[in-house]
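Single-letter residue listing:
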Amino acid sequence: MTTFAEFNLEPKVIQAITELGFEEATPIQAKSIPIALTGSDMIGQAQTGTGKTAAFGIPLISKISKTDEKIRALIMAPTRELAIQVAEEIEKLSRFKGLRTLPIYGGQDIVRQIRALKKKPQIIIGTPGRLLDHINRKTIKLEDVNTVVLDEADEMLDMGFMEDIQAILKQVPDERQTMLFSATMPTNIQKLAQQFLKNPEHVSVIPKQVSAPLIDQAYIEVPERQKFEALSRLLDMESPELAIVFGRTKRRVDELAEALQKRGYSADGLHGDLSQNQRDTVMRKFRDGSIDVLVATDVAARGLDVSGVTHVVNFDLPQDPESYVHRIGRTGRAGKEGAAWSFVTPREIDHLHFIERVTRHRIPRKPLPTLAEAIEGKQRITAERLLEVVENGELNEYKGLAIQMLEQYDSVQLLSAAMKLLTGEKRETTIELTPEDPIRAKRRKPDIRSGGRKPSNFGSGRGGYNRDNRSSSGGAGRGGYNRDSNRSGGGGGYNRDNRGDRKPRPSGSTDTRRAPRSEDSFES
Ligand SMILES: Nc1ncnc2c1ncn2[C@@H]1O[C@H](COP(=O)(O)OP(=O)(O)OP(=O)(O)O)[C@@H](O)[C@H]1O
Ligand SMILES: [Mg+2]
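Residues numbered from 1 in each chain as written. Chains lettered and ligands numbered in written order. Predicted model: local features only at pLDDT ≥ 70, side-chain atom pairs only at ≥ 80, totals over all residues.

All right, on to the confidence of the model for the chain then. Averaged over all residues, the pLDDT of the chain is 85; the fraction at 70 or higher stands at 83%. Low pLDDT, under 50, characterises residues 450-524; the predicted model gives this stretch 196 contacts beyond four residues in sequence or across chains. Both scores are available for the predicted complex, with the pTM at 0.84 and the ipTM at 0.99. (pLDDT = per-residue confidence, 0-100. Contact = placed C-beta atoms within 7 Å.)

This is the structure in structure tokens:
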């Protein structure tokens, strides 16, 4: 166990860490913080939800002084929502130190950003497109930057940001510290590293499997046309606290969100064609729980940290294994458990096996929930809700009528009727989604790690460290970590997103970057 006290951090930074409820450092934090504090370049890889943001954030803020009026650190992220989220976390970590952070992303009024820049932030967190825009307008000058972080570096590369990043880094002095972080490091990341990093230290906390260990993964074989029915049954059966459902295209996301709403679920969609306002609203609603199901393209696959996401459903399989790892990593974070299910059409089974090979994890098959199971699941939830009211509710004003009714009707009959009413009959709307073509299996070497380096062996081999929020047996060795549940203001609403900042690519209706890329590109 590594405590934050061991890193010789300033008391104000320790205070912020304590306030965030972090009790001990996660493995990637334990390994990277001391290295990053020396100023050395580094490549950091660790499973989703294991605290990479603080792993680079803590050393970064330690280098900056409150009285500084120059931009000293630049963090780049692939999506707007991620830029906003990282900015919030850095803000929280530097709160007592009194540093100024500013997210800079597309879709937001540039005049407003220029005004905010006048307040002399020391840390800028941005998406490449908008950053470049400011650089060209000379509203952002990077000549005093001494730390650069590329969060989700492989994704930015994949999205075609290489040139933008090159152009941005040309503005930053060579005498700087550069760090790359991601849960996945395909071999082509080496190209980026060679160009931008000097003798980087590789810090990898990836045990046997790349995906996070606390995620219960399964696949359900289901024909394209039955996917929607399968999804409603799953949602009924499991009643997720919060769920993210990934669809392949923007059209798919729109149709699916609408279909779910029609059936009476509290759902909304997120993709790069929405206005920034719409995106902000959807994310805020999801974070505060006013919608339970977020339907999204891969725009929500990377970095998004929403507490309470108990389920991820791949309504459509992703093209890339990396995307699979990141999508399912929206659950099972910070020591919590989660479930991730993937719908696989019969023709996509080979593609699933490919994902299994690359991620080095066998994904077990799960039967499609039956209608009976779905109904039973819904009823169970109704019964639970009812019993909660029995225990907590002020029921006196209902009792008179209840007694009267019981005199006339059978109690089982009455209770059943109440449950029926509460459960709500499923609305029998016919749902027709435009079918998506099956994904074809790709071929490449099973290597999702950086340069095929041997992963460091961490503890129990399950990513391991302690987390406290489970019963006594939940101690060491399952990838979690300790923190209490008071993430101050974690719901504060942001949106990262948007792939709207990236250059238009000929990817048809796929929101997600990667228009079909050539098989070779994985290896180069
Ligand atoms: N030492 C810690 N103890 C407890 N919780 C922590 C600790 N460090 C970070 N966290 C929390 O864990 C969650 C996940 O962290 P973060 O988003 O940085 O993960 P990540 O590794 O970047 O994941 P991803 O690969 O999905 O981007 C956040 O809510 C964060 O506040
Ligand atoms: Mg992250």
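The next point concerns helix H3 (residues 52-62). The buried count for H3 comes to 10 of 11 residues, which makes it a mostly enclosed element. Lys-52, Thr-53, Ala-54, Ala-55, Phe-56, Gly-57, Ile-58, Pro-59, Leu-60 and Ile-61 are the residues of H3 that are buried. (Buried ≥ 20, exposed ≤ 12 C-beta atoms within 10 Å, placed from the backbone. Helix = DSSP H or I, 4+ residues; strand = E, 2+ residues; numbered from the N terminus.)

Each pair of packed helices can be summarised by the angle the axes make with each other and by the distance between the axes. For the pair helix H2 (residues 27-37) and H3, the least separation of the axes is 9 Å and the interaxial angle reads 25 degrees. Here H2 lies roughly parallel to H3, going by the angle between them. In this structure, H2 meets H3 at a crossing whose hand is right-handed. Where H2 abuts H3, its residues Ile-28, Gln-29, Ser-32, Ile-33, Ala-36 and Leu-37 lie against Lys-52, Ala-54, Ala-55, Phe-56, Ile-58, Pro-59 and Ser-62. Of the residues belonging to the contact of H2 with H3, the class tally is nine nonpolar, three polar and one charged. (Axes fitted to C-alpha atoms, helices over the stretch in contact; angles between N-to-C directions. Parallel < 35°, antiparallel > 145°, perpendicular 65-115°, else oblique. Left-handed = near helix turned anticlockwise from the far one by under 90°. Nonpolar A, V, L, I, M, F, W, Y, C, P; charged D, E, K, R; others polar.)

All right, on to the sheet that holds strand S2 (residues 73-76) then. Taking strand neighbours across the sheet as the criterion, the seven strands line up as S3-S4-S2-S5-S6-S1-S7 in an open arrangement whose pairing is parallel. Two strands lie at the open edges of the sheet, namely strand S3 (101-104) and strand S7 (201-205), each paired on one side alone. Strand-to-strand twist in this sheet, taken as the mean axis angle between neighbours without regard to direction, amounts to 15 degrees. Alignment of S2 against strand S4 (residues 123-126), held across four bridges, turns out to be parallel. Within the sheet, the bridge partner assigned to Ile-75 lies in S4 and is Ile-125. (Pairing = 2+ DSSP bridges.)

Now for the sheet that holds strand S10 (residues 267-270). Ordered in space as S8-S13-S12-S9-S11-S10, the six strands form an open sheet in which the pairing is parallel. At either end of the open sheet lies a strand with only one pairing partner, and these are strand S8 (215-221) and S10. Adjacent strand axes in the sheet meet at a mean angle of 20 degrees, parallel and antiparallel pairs treated alike. Bridge count for strand S9 (residues 242-246) against strand S12 (residues 309-314) is five bridges, and the pairing is parallel. In the strand pairing of S12, Leu-242 is matched with Val-309. Where helix H12 (residues 276-287) meets the sheet, its contacts fall on S9, S10 and strand S11 (293-296), and the angle it forms with S10 comes to roughly 135 degrees. Running over the sheet, helix H13 (residues 321-328) touches S8, S9, S12 and strand S13 (338-344) and is turned about 150 degrees from S12.

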